[in-house]
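This is what each chain is made of:
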Amino acid sequence: MKIIIKNTEELEIMRKAGEILRTTQEELKAQIKAGISLLELDALAEKTIRKFKAEPSFKGYKGFPGTLCTMLNSEVVHGIPDERKIKEGDLLSVDCGVKFNGFHADAAFSVIVGGDEKNPARAEFSNIVREALLAGCRAAKVGNRTGDIGSAIEKVIVKNGYSICREYTGHGLGRELHEDPHLFNYGPGGQGERLVAGMTLAIEPIVASGSGKVKTLSDGWTVVTVDGRDACQWEHCGVVTVNGLEIFA
Ligand code: MG
Ligand code: MG
């Protein structure tokens with residue numbers, strides 16, 4: 001375990017990477033509507049990132065072909081953007097990484113295509129996963145431990161009857177997209193690494209509305225739920241402070 005604490009200058013670069021990523025997310029949200037393809041969204045994200053003299057973190061990472069990971073409905077993680085067009089009522093999770101001046105930002109959001117009223121049950125699911133993420137961010141404060149983040153996330157998910165996909169974790173990030181520590185999305189609290197100021201983390205609950213059992217498709221990347229029920233991801237990255245995670249994106 002080697003946790004790399006960032007100095008003031010490094011944090012400033014990471015804030016900027018986060019700003020580019022947030023701008024990219026806003027551009028995407030403006031274009032997410034029925035009929036657009038996942039590949040078109042991917043191209044838009046890459047164009048936006050490069051406009052800021054930044055690079056997509058995921059493209060080429062272990063051979064991944066996309067700028068985005070796009071997950072529709074029962075897809076859990078690592079979805080490759082393809083020709084499929086999104087439809088009203090789809091639950092779409094979009095994960096994106098930006099590398100700027102040597103440092104990464106990593107964040108994900110989910111939407112109901114066409115608006116929450118197109119599928120209120122999916123909207124409720126997505127809202128709960130986001131609520132769990134925010135509980136995890138609040139727990140990411142100086143003096144707590146990594147297990148407190150996972151415990152905070154798990155409480156919100158379990159209370160609402162959903163399942164954490166336990167194989168996937170949050171992580172540290174900085175010069176590398178994935179650094180120590182691993183951040184499990186479940187407890188117990190009070191265990192794991194002690195959180196200190198300057199620790200940069202990506203917190204990312206990955207949650208299923210059904211059993212949480214998953215399998216990888218034959219493309220070698222896309223992970224789906226075994227029972228075909230929905231999955232949803234939200235992710236923020238930022239720095240540990242006395243008040244919780246200062247969110248970069
Ligand atoms: Mg991510
Ligand atoms: Mg991540």
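Residues numbered from 1 in each chain as written. Chains lettered and ligands numbered in written order. Predicted model: local features only at pLDDT ≥ 70, side-chain atom pairs only at ≥ 80, totals over all residues. Heavy atoms only, no water.

Asker: Lay out the pairing of strand 14 (residues 236-241) with the relevant residues and their values.
Answerer: Of all six residues making up strand 14, five are buried, and the element is well covered by its neighbours. Bridging between strand 9 (residues 200-203) and strand 14 involves four bridges; their strand directions are antiparallel. Along strand 14, the bridge assignment pairs alanine 202 with cysteine 237. Summarising the sheet, strand 14 and strand 15 (residues 244-247) pair through four bridges and their orientation is antiparallel. Across the sheet, residue threonine 241 finds its bridge partner in strand 15, namely glycine 244. Here strand 14 hands over to strand 15 after two residues, the two strands then running antiparallel side by side. (Buried < 20%, exposed > 50% of the residue type's maximum accessible area, 1.4 Å probe, protein only. Helix = DSSP H or I, 4+ residues; strand = E, 2+ residues; numbered from the N terminus. Pairing = 2+ DSSP bridges.)

Asker: I'd love a proper account of the coordination of the magnesium ion (ligand 2), names of residues and values included.
Answerer: Listed as protein donors to the magnesium ion (ligand 2) are Asp106 (OD), His171 (NE2), Glu204 (OE) and Glu235 (OE); their distances from the metal cover 2.1 to 2.2 Å. Along the chain, the residues donating to the magnesium ion (ligand 2) are arranged with the sequence spacing D-x64-H-x32-E-x30-E. The magnesium ion (ligand 1) is placed at 3.1 Å from the magnesium ion (ligand 2), the two being bridged by aspartate 106. Of this pair, histidine 171 sits in strand 7 (residues 170-172) while glutamate 235 sits in the loop between strand 13 (231-233) and strand 14, and the two are 64 residues apart along the sequence. (Donors = N, O, S within 2.8 Å, 3.2 Å for Na, K, Ca; no water.)

Asker: Talk me through the coordination of the magnesium ion (ligand 1); I want residue IDs and the actual numbers.
Answerer: Bound to the magnesium ion (ligand 1) on the protein side are Asp95 (OD), Asp95 (OD), Asp106 (OD) and Glu235 (OE), at distances that span 2.0 to 2.5 Å. We note that the donor set of the magnesium ion (ligand 1) lies within a single chain, spaced as D-x10-D-x128-E.

Asker: So what about unusual backbone geometry? Which residues, and what values?
Answerer: Of all residues except glycine, most have a negative phi; of all peptide bonds, most are trans. The amide bond that connects aspartate 180 to the next residue, proline 181, takes the cis arrangement and shows omega of 0 degrees. Mapped onto the fold, proline 181 is located in strand 8 (residues 179-183). Positive phi, close to 60 degrees, is recorded for histidine 78, a residue that is not glycine.

Asker: Could you give an account of the packing of helix 1 (residues 8-31) against helix 2 (residues 38-51), with specific residues and numbers?
Answerer: A pair of packed helices can be characterised by two numbers: the angle between their axes and the separation between those axes. Where helix 1 meets helix 2, the axes come as close as 9 Å, and the angle between the chain directions of the two elements is 145 degrees. The interaxial crossing formed by helix 1 with helix 2 has right-handed handedness. On helix 2, the residues that touch Ile20, Thr24, Glu27, Leu28 and Gln31 of helix 1 are Leu41, Leu44, Ala45, Thr48 and Ile49. (Axes fitted to C-alpha atoms, helices over the stretch in contact; angles between N-to-C directions. Left-handed = near helix turned anticlockwise from the far one by under 90°. Contact = heavy atoms within 4.5 Å.)

Asker: Provide a residue-level description of the layout of surface pockets, including the pertinent values.
Answerer: Roughly 500 Å³ of internal volume is contained in the largest pocket. What lines the largest pocket is a set of 22 residues, among which Tyr61, His78, His171, His178 and Glu204 lie closest to the centre. With four residues, strand 8 is the largest single contributor of residues to the lining of the largest pocket. Grouping the constituent residues of the lining of the largest pocket by class yields ten nonpolar, six polar and six charged. In this model, the second largest pocket occupies a volume close to 180 Å³. For the second largest pocket, the lining is made up of 13 residues, of which Thr146, Gly147, Phe184, Gln191 and Gly192 are closest to its centre. (1 Å grid on protein atoms, 1.4 Å probe; cavity = no way out; pocket = protein on both sides within 12 Å on 5 of 7 lines; lining within 4 Å. Points joined across faces, edges and corners; volume = space filled by probe spheres on them. Nonpolar A, V, L, I, M, F, W, Y, C, P; charged D, E, K, R; others polar.)

All we've got here are geometric facts, nothing functional implied.
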